[in-house]
Amino acid sequence: MGAKKPKVKKGPKGKKARAKAKLEQVWGEHVDEEARQASKFRKGKSRFTPATETTTTTTQQRRHQKEKVVDPLSTNRRGLKTSFESFLERKDNLYQHEQEQKQKQRQYAHQKKNKRYNAAHDESSDEDDDSDEEMGGVDSNGGSLSHLLKRINGPKKSSSRKIAVESDDDDDSNVNSDAASDDDDDTESVSSASSSFSNQSHSDSDDDDMDMIAEENIDLPKGAAEDPYEAHFSKKPLPQLDSTDNTNNLMPHLAKSSKANTSSLLSSSMQVHLSGPILDSFETLTGSLPDKTKPKQMWKEFARGPQQHTRQVLSRNWNSVNRNALKRSQRERSENENDISLSPLQQVLYPAISNYADVLISMESRQNRNEINNLLTMHVLNHVLTSRSRVQKHNRRIKQLAEVDDDAADEEDDDQWRDQGYTRPKVLLLFPTRGTCWAFVHKMIELLGDSALLEMEDRFEAEYGPIKREKGSEEDEDKEKARVDAIMKQKGREWNELFGEEANDDDDFKIGISLTPNVDKKKIRAKKGATVTSSGSGVKLRLFADFFHSDIILASPIGLKMSTTHEESDDEGEDDTADVDFLSSIEMCIVARSDVLMMQNWDHVNSVLDSLNQQPKNVSNIDFSRVRNYFLEGQGKYWRQMIVVSAFTDPYVSSTFRRHAKNIEGQLRIRKKVSTDNASICDVMVRVKQVFQRVTCPTVSEAGSARLRFFSEHVLPKLQRLQQKHTLIYIPSYFDFVAVRNLLLKREVKFVSVTEYARVSEVSRGRARFLQGVKPIMLYTGRAHFFLRHKIKGARHLIFFGLPEYDEFYPSVVNMLNEGLTSEDEDDVSRLPMSSLSLFTKFDAHQLERIVGTSHAERMIKGDKSSYVFAS
């Protein structure tokens, strides 16, 4: 029998056993070759011992060899038998070698930084593909408390690398405050990674990062004023507020208010009040100028500082856009075509607006509306482009530091990366109708000029543009056009702009707009198949962007409220809940045409403003290392700029402004005093005695009930006793209308009503019966007159249950007296003279001022008499 073959040791059996054995092996160890060769030498019989090795050893060497500890991690290594001490020594040497290499890389990175970045916080180019990574992207560990705390502490290894990889519009070009010129054809575009913003919406990525080009550095003149954006958004967080939440207690200097001198610049009827730091800045400038400096020159110097930081893409188109707002006699063209020229009104408003102070404009009119809108458009675009530029510059910087060393970002100042809020939307604009929103967006496009690259323009024109009416035959069309033009002319130009035949008067809308600056116009237009006429940098303006991917949100109060409020559940009976996380980081809120919004429903405006700058409910997709400190402290409302534009001063608007305008930069309030010659009562063309009756009222909440009590005790009994017909009662508030209607029903008085909610057939039938004298009284609401501008015929006696908000409504309603009536129709027409009675309280001072003038209003409010008569 032959010799038995030695048994071969087999490997572990079973899938789990093999997997376990594989895990026990040490892979990826960096072992130098000398240490590996030394480990092959064994004492005793070993096939790994080289033939040339001497096997003679002393007894002491053998004893020492037995005392050596075998490396437990190397037992499963193939032929590698090293001691645990040698293993640790090799690992220590490797660690020291890696630290030396990292130190060299850090030194190289800092040298590179000093060469390429001259200023840490200049205006810079924007980040963005519209799948926005402003918040650093999606994090699967967002629900972990420990991970959340790590992200709050600052940009650690994982967060810095994540931001660098997931940012949309990162490129390696140096970016500063202004867009590159259109003639920069040699600028190289650089691509970067892009990803979706969050799971809350679909990805809108369209490879914008492949179309980015560099922005040129603009050298500011020596002694240039501080950048308003940098000065405002780099402030330290406020301390904890007290229970009263009173801004004046926290910052006493905000309570300081003073009237600014605007003589020789604006008319004497204009009153400008400044408060807070904006007032301190104005007083400092005034003190530094010579004593003989005129107010016009002072305001011009005050506005010159922020002009230096207006982005070049806006300043080069400003003069062409704003030339219609400037009167020829007041136009002052600058020698530099990139400098902006301002009208006198714009010179007063621009310093406060550009320095992020709260502004209340209570003197908007059809004549100056273009001036105000141009200024607001430039401010909105300049703010968004500057903010997006800063985010992109920081993203590129973090990416470069992460590529060099994961710990490099940690060595930088943590606060310098905090350049945004919880979510991307920064600006909220509230408009009353789609037509007003359409006009503002077109103003933005016009101001961007050739740099604007639009997306979804056709859809925007179809949904928000002027309404095109269907055309019939030419003969019928001419007759209809003549009839419509005659009716529209009676309603006035102001009404036609809002609710005219072609005006889009829909009040339920919301739209998001995203801006991507510094994109290559040549590549973008080539993708769309358009003719490429010029190259250089542009600003891509995407309409209908998702709210979480938008920079600007334009909406009506009712549209925004309906889109954020969930319907009540019938089964569980839970209250309505609003998803308003996209409003948590609003830095600028503009309420345009507040007088029109007040006619719709001012409660919706207050509801939307209450939702601003609240702590978000869903924080899993937020990178807290990039969120500004004051947002984390819950103090965003003190950095938010509030701009309210209205045609007149109203208690509701003023109350909302006082409640929500808490900006630390102070306030500017501008209003117009009404002289006696400019009072609307001067426009009454009918010969009638106009009686103004003051009603005693202790508080504003009891004003409606006080007027109703006076009407029921003194006015209505006379109407019933005289059986007076053709009496028109004008009621501004719908709540007062309901109270008067119930009173007439209770007294069994015949009447008709014309309201904004009545059907067309009801209105036509009621107007006919009132004209014929079948119904002696007509109730006419102020909102019905605002939206419909009816020409009521058959009125001979007029009662204003309350003064109208618009000053032009008073003469227009009074001039309706005796319209459509002749002395042959009824005996009552010739028997009783025409009359006009207006009820007011001391809380109606603003409405009364616009009707009779400031001087008369003060005497009527504070005088001893309660009845005042004006004759026309």
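Residues numbered from 1 in each chain as written. Predicted model: local features only at pLDDT ≥ 70, side-chain atom pairs only at ≥ 80, totals over all residues. Heavy atoms only, no water.

Enquirer: So what exactly am I meant to see when it comes to the overall build of the chain here?
Expert: A count of helices and strands for the chain gives 31 helices and 18 strands. Burial statistics for the chain: of 872 residues in total, 50% are counted as buried. A separation threshold of at least 6 residues defines the contact pool for the chain, and within that pool the share at least 24 residues apart is 80%. When the accessible area of the chain is evaluated, it comes to approximately 44000 Å², of which 49% is carbon and sulfur surface. (Helix = DSSP H or I, 4+ residues; strand = E, 2+ residues; numbered from the N terminus. Buried < 20%, exposed > 50% of the residue type's maximum accessible area, 1.4 Å probe, protein only. Contact = heavy atoms within 4.5 Å. Areas by Shrake-Rupley, 256 points an atom, 1.4 Å probe, with all protein chains shown as cover.)

Enquirer: Is there a simple way to think about the sheet that holds strand E18 (residues 867-871) in this case?
Expert: Think of a sheet as strands paired side by side through backbone hydrogen bonds, with each pair either parallel or antiparallel. In spatial order, the strands read E14-E15-E13-E16-E17-E12-E18; together these 7 strands make up an open sheet with mixed pairing. Of all strands in the sheet, those with a lone pairing partner are strand E14 (751-754) and E18, marking the two edges. Within this sheet the neighbouring strands show an average axis-to-axis angle of 20°, counted without direction. Relative to strand E17 (residues 835-840), strand E12 (residues 689-694) runs parallel, the two being bridged by 5 bridges. Directly across from Phe692, in E17, lies its bridge partner Ser838. (Pairing = 2+ DSSP bridges. Axes fitted to C-alpha atoms, helices over the stretch in contact; angles between N-to-C directions.)

Enquirer: Quick question: what am I supposed to make of the pattern of salt bridges here?
Expert: Side-chain pairs of opposite charge can arise where the charged atoms are in close proximity. Within this structure, the stated rule accounts for 22 salt bridges. A salt bridge links Asp551 to Arg388, with the nearest nitrogen and oxygen atoms 3.2 Å apart. Here Asp551, found in the loop between strand E7 (537-543) and strand E8 (552-555), pairs with Arg388, found in helix H13 (residues 369-404); they are 163 residues apart in sequence, far enough to count as distant. Exposure remark for Asp551: the relative accessible area of 0% places this residue in the buried category. Through salt bridges with shared partners, a single network forms among Glu364, Arg366, Arg369, Glu494, Glu497 and Arg593. (Salt bridge = Lys/Arg side-chain N within 4 Å of Asp/Glu carboxyl O.)

Enquirer: Before we go on, may I ask you to explain the pairing of strand E4 (residues 427-430) in this structure?
Expert: In the case of a regular strand, side chains alternate between the two sheet surfaces. Every second residue of E4 is oriented toward a common face, with Val427 and Leu429 on one face and Leu428 and Leu430 on the other, all of them buried. Relative to strand E9 (residues 588-591), E4 runs parallel, the two being bridged by 4 bridges. Bridge assignment links Leu429 to a residue of E9, and that residue is Ile590.

Enquirer: When you look at unusual backbone geometry in this model, what are you seeing that I'm missing?
Expert: Peptide bonds are, in most cases, trans, and in most cases residues other than glycine have a negative phi. In the Ramachandran plot, Gln723 falls in the positive-phi region, its phi being about 50° despite a non-glycine side chain. Checked against the element boundaries, Gln723 lands in the loop between helix H24 (703-722) and strand E13 (727-731). Residue class for Gln723 comes out exposed when judged on its relative accessible area of 62%. Look at His726: it is not a glycine, yet its phi comes out positive at around 55°. Turning to its location among the elements, His726 is positioned in the loop between H24 and E13.

Enquirer: Could you clarify how one ought to interpret helix H23 (residues 651-660) in this entry?
Expert: Since one α-helical turn is 3.6 residues long, residues separated by three or four positions face the same way. Those residues of H23 not exposed but buried are Val653, Ser654, Thr656, Phe657 and His660. Buried positions in H23, seen along its axis, are confined to an arc of 160° and lie on one side of it. The exposed residues of H23 that point more than 90 degrees off its buried face are Tyr652 and Arg658. On its buried face, H23 sits against strand E3 (358-362), helix H21 (594-610), strand E10 (641-645) and strand E11 (667-672). Regarding H23, its N-cap is Asp650, as a side-chain oxygen of that residue lies 2.9 Å from the backbone nitrogen of Tyr652 further along. (Arc of directions from axis to C-beta. Polar contact = N/O pair within 3.5 Å; in protein donor to acceptor, adjacent residues only side chain to side chain.)

Enquirer: Just to check I follow, could you spell out the pairing of strand E6 (residues 510-520) for this structure?
Expert: The element E6 is largely enclosed, with a buried count of 10 among its 11 residues. Summarising the sheet, E6 and E8 pair through 4 bridges and their orientation is antiparallel. Directly across from Ile513, in E8, lies its bridge partner Ile552. Two strands pair when backbone bridges link them, and E6 and E7 are joined in this way by 7 bridges, in the antiparallel orientation. Across the sheet, Val519 pairs through a bridge with Gly538, a residue of E7.

Enquirer: How should I be thinking about the nonpolar core in this particular structure?
Expert: The tendency in soluble globular proteins is for nonpolar side chains to be buried as a group. Within the largest apolar cluster, 82 residues are counted, with the highest numbers of intra-cluster contacts made by Trp299, Leu349, Leu515, Ile552, Leu554 and Ile670. Non-local contacts of Leu349, meaning those with residues more than four positions away in its chain, are made with Val359, Ile361, Ile372, Leu375, Leu668 and Ile670. Of all hydrophobic cores here, the second largest spans 73 residues; its members include Val484, Phe648, Val674 and Val684. (Core = buried A, V, L, I, M, F, W, Y, C linked by side-chain atoms within 4.5 Å.)

Enquirer: Would you take a moment to explain the packing of H13 against helix H15 (residues 434-448) for this structure?
Expert: The relative placement of two packed helices comes down to the angle between their axes together with the axis-to-axis distance. Relative orientation of the contacting elements H13 and H15 amounts to 65°, with a least axis distance of 10 Å. Taken together, the axis directions place H13 and H15 in an arrangement best described as roughly perpendicular. The way H13 lies across H15 gives a crossing that is right-handed. Residues Asn370, Asn373, Asn374, Leu376, Thr377, Met378 and Leu381 of H13 lie in contact with H15, whose contacting residues are Phe440, Lys443, Met444, Leu447 and Leu448. (Parallel < 35°, antiparallel > 145°, perpendicular 65-115°, else oblique. Left-handed = near helix turned anticlockwise from the far one by under 90°.)

Enquirer: What's the story with the sheet that holds E10 in this structure? I'm lost.
Expert: The sheet built from 11 strands is open, its strands ordered E1-E2-E11-E3-E10-E9-E4-E8-E6-E7-E5 with mixed pairing. Looking at strand neighbours, the two that pair on one side only are strand E1 (257-260) and strand E5 (452-455), the edges of this open sheet. For this sheet, the mean inter-axis angle between neighbouring strands, taken without regard to orientation, is 15°. Running at roughly 150° to E9, H21 makes contact with E4, E9 and E10 of the sheet.

Enquirer: Got a minute to help me understand the packing of aromatic side chains in this structure?
Expert: Aromatic rings considered in pairs are described by the distance between their centres and by the relative angle of their planes. With the rule as written, the count across this model stands at 32 aromatic pairs. Geometrically, the ring pair formed by Phe711 and Phe801 is edge-to-face, given 6.0 Å between the ring centres and 75° between the ring planes. Of this pair, Phe711 sits in helix H24 while Phe801 sits in the loop between strand E16 (797-800) and helix H28 (809-814); the two residues are 90 residues apart in sequence, bridging distant segments of the chain. Each member of the aromatic cluster is reached from another via a ring pair, and the members are Trp495, Phe499, Phe648, Phe786, Phe787, Tyr806 and Phe809. In this structure, Arg434 is placed above the aromatic ring of Tyr464, and the distance from its NZ or CZ to the ring centre is 4.6 Å. The residue whose ring lies beneath Arg459 is Phe544, and the NZ or CZ to ring-centre distance is 3.8 Å. (Phe/Tyr/Trp six-rings, centres within 6.5 Å; stacked < 30°, edge-to-face > 60°. Lys NZ or Arg CZ within 6 Å of the ring centre and 35° of its normal.)

Enquirer: Just checking my understanding: could you explain the confidence of the model for the chain for this structure?
Expert: Any residue range with low pLDDT should be treated as having predicted coordinates unsuitable for detailed reading. When the pLDDT values of the chain are averaged, the result is 76; 66% of them are 70 or greater. Low pLDDT, under 50, characterises residues 26-31; the predicted model gives this stretch 9 contacts beyond four residues in sequence or across chains. Across residues 42-57, confidence stays below pLDDT 50; counting only partners more than four residues off in sequence or on other chains, it has 15 contacts. (pLDDT = per-residue confidence, 0-100.)

Enquirer: Help me understand the packing of helix H11 (residues 312-322) against H13 in this model?
Expert: Direction vectors running N to C along H11 and H13 enclose 170°, while the axes themselves pass 11 Å from each other. Our classification of the angle between H11 and H13 gives roughly antiparallel. Here H11 contributes Val313, Leu314, Trp318, Val321 and Asn322 to the contact with H13, which in turn contributes Asn374, Leu375, Met378, Leu381, Asn382 and Leu385. Its residues assigned to classes, the contact of H11 with H13 shows 8 nonpolar, 3 polar and no charged. (Nonpolar A, V, L, I, M, F, W, Y, C, P; charged D, E, K, R; others polar.)

Enquirer: Help me understand the environment of Glu665, please; the structure alone is not making it clear to me.
Expert: Relative to the helices and strands, Glu665 is located in the loop between H23 and E11. Residue classification places Glu665 among the buried residues on the basis of a relative accessible area of 13%. In sequence terms Glu665 and Pro277 are 388 residues apart; their C-alpha atoms lie 5.3 Å from each other. In this structure the side chain of Glu665 is engaged in a polar contact, spanning 3.0 Å, whose partner is the side chain of His232.

Enquirer: Hey, could you run me through the environment of Ser354 in this one?
Expert: Residue position: Ser354 is located in helix H12 (residues 344-354). For the pair formed by Ser354 and His379, sequence separation is 25 residues and the distance between their alpha carbons is 6.6 Å. Sequence-distant contacts of Ser354, that is, excluding residues within four places in its chain, are made with Pro228, Pro306 and His379. Engagement of the side chain of Ser354 in a polar contact is seen with the backbone oxygen of Tyr350, the distance being 2.8 Å. At 3.3 Å, the side chain of Ser354 forms a polar contact with the backbone oxygen of Pro351.

Enquirer: Can you walk me through the environment of Leu554 in this structure?
Expert: In this fold, Leu554 is placed in strand E8. With relative accessibility at 0%, the residue Leu554 sits in the buried group. Taking the C-alpha atoms as reference, Leu554 lies 9.8 Å from Trp438; in sequence the two are 116 residues apart. The contacts of Leu554, once residues within four sequence positions are left out, are Leu429, Phe431, Cys437, Phe440, Val441, Phe509, Lys510, Ile511 and Ile513.

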